Amino acid sequence: MTEQAAHIKESNTPAKWEALIEIAVFLAFFLAVNYYVPSFVTFRGIVLPLRVPFLFLFGWASLRRRSMNWGDLGLQPPKNWRNTILLGAGLGIGTQILVIFVVGPIVRQITGTRQDLHLFTNMANGNLVALLGWLAVSWTLAAFGEELVYRGYLLNRLSALTGSTALGWGISLLAVTALFGAVHAYQGVNGIFLSAFSGLAQGLGYLASGRNLWVSVICHGVADTLGFVLIYILLQCCPGTIG
C-alpha cells in the first residue's frame, strides 16, 4: 500500500465510525418512534401519517450538524426540469404498472394473500374529500417526506459506511429498501414487498439520475397518485376487491 493510499484509508476511518454511530442512533430513534408514535391520526376525516415528520427532523438535524442541507443530497433545481419531470413521471407510471400487472400478482401468488388496503376505504361512497386528502399526503409526507428521509438522508448516510463504489451504493440501497418495505407492514406481507419494490425503483431513479432527489420525489408522487385514484375507482365499482 502506498503512503498516499494509507493516508486516505486512515482519514476515512473516523468518518466511517461517525456514520456507524449515527446510523445506530437513527435506528434506535426509528424504533422508538415506531413504538411510541401512532402510525396515523384522523383529522376531520383525513388520515395523516405521524411518524415521517420525526424521521425528517432527525435527518435535518444530522445535516445541520455537518453544515449541510437537503440541496447537498440532491434537492436543488435540476439542470433540466423537463427531463427531470419526464424521468420521474415515467418511472412512477412504469413502477405502478409493474406493481399492478406483474409484481403484485406474483407476490399474491407466493403469499396467498392480498395487500391490506383497509386504511384507504374512507374513499368509499364517492368520498372525494378523502381522495383529495390522500393525494395531498402523497405529495407532501410521502413523496417529499419519505424521499428526503430514505433516499436522501439514510441512503447517503449508509454510503458513508459502505463506500461510494457501485457495490457500496448497492448495499446501501438494498438496506434502505428493506427498511422502507418494513414501515409499510400495516399493509400486510404483500404491502411490505410491494412497497419495497416501489422504494427500490425510487432509489434506482435517484442514483441513475446522478442523485437527483426530484426524480425520486416525482416518481413517488406519481405512483401514489395513480394508486389512490385506482383504489378510489375500485371502491366505487368493485368494493369487494379492496380491504
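Refer to the preceding data block for the structure.
It should be emphasised that the depicted structure is a prediction, and the values quoted were computed from it without experimental measurement.

Rules behind the numbers
- Residues numbered from 1 in each chain as written.
- Predicted model: local features only at pLDDT ≥ 70, side-chain atom pairs only at ≥ 80, totals over all residues.
- Heavy atoms only, no water.
- Phe/Tyr/Trp six-rings, centres within 6.5 Å; stacked < 30°, edge-to-face > 60°.
- Helix = DSSP H or I, 4+ residues; strand = E, 2+ residues; numbered from the N terminus.
- Buried < 20%, exposed > 50% of the residue type's maximum accessible area, 1.4 Å probe, protein only.
- Lys NZ or Arg CZ within 6 Å of the ring centre and 35° of its normal.
- Axes fitted to C-alpha atoms, helices over the stretch in contact; angles between N-to-C directions.
- Parallel < 35°, antiparallel > 145°, perpendicular 65-115°, else oblique.
- Left-handed = near helix turned anticlockwise from the far one by under 90°.
- Contact = heavy atoms within 4.5 Å.

Enquirer: When you look at the packing of aromatic side chains in this model, what are you seeing that I'm missing?
Expert: The geometry of an aromatic ring pair is captured by the separation of the ring centres together with the interplanar angle, meaning the angle of the planes. One pass over the structure, following the stated rule, counts 14 aromatic pairs. Summarising the aromatic geometry, the rings of F26 and Y153 are spaced 5.6 Å apart at their centres and angled 55° between planes, so their arrangement reads as tilted. Note that F26 is positioned in helix α1 (residues 3–36) and Y153 in helix α4 (residues 128–162), a separation of 127 residues in sequence. Per residue, the accessibility class of F26 equals that of Y153, and both read buried. Geometrically, the ring pair formed by F144 and W214 is edge-to-face, given 5.5 Å between the ring centres and 85° between the ring planes. In this pair, F144 is assigned in helix α4 and W214 in helix α7 (residues 213–237), connecting sequence segments 70 residues apart. Given the relative accessible area of 28%, F144 is considered partly exposed. Following the ring pairs from residue to residue traces out a cluster consisting of F26, F29, F30, F58 and Y153. Note that R151 overlies the ring of F180, its terminal NZ or CZ placed 4.3 Å from the centroid.

Enquirer: Got a minute to help me understand the packing of helix α3 (residues 81–111) against α7 in this structure?
Expert: Angle between the axes and distance between the axes: these two values describe a pair of packed helices. Look at α3 against α7: their axes get within 7 Å of each other, and the N-to-C directions meet at 40°. Between α3 and α7, the angle is such that the two are oblique. Like other packed secondary-structure pairs, α3 and α7 cross with a definite hand, here right-handed. Contacts between α3 and α7 pair W81, T84, I85, L87, G88, A89, L91, G92, I93, T95, Q96 and I100 from the former with W214, V215, I218, C219, V222, A223, D224, L226, G227 and L230 from the latter.

Enquirer: I tried to follow unusual backbone geometry on my own but got confused; where do I start?
Expert: Positive phi values are uncommon outside glycine, yet S67 reaches one of about 55°. By the secondary structure assignment, S67 is in the loop between α2 (51–65) and α3. The class for S67 is exposed, based on a relative accessible area of 70%. Phi at R211 takes a positive value of approximately 60°, unusual for a residue other than glycine. Its location among the elements puts R211 in the loop between α6 (188–208) and α7. For R211, a relative accessible area of 35% corresponds to the partly exposed category.

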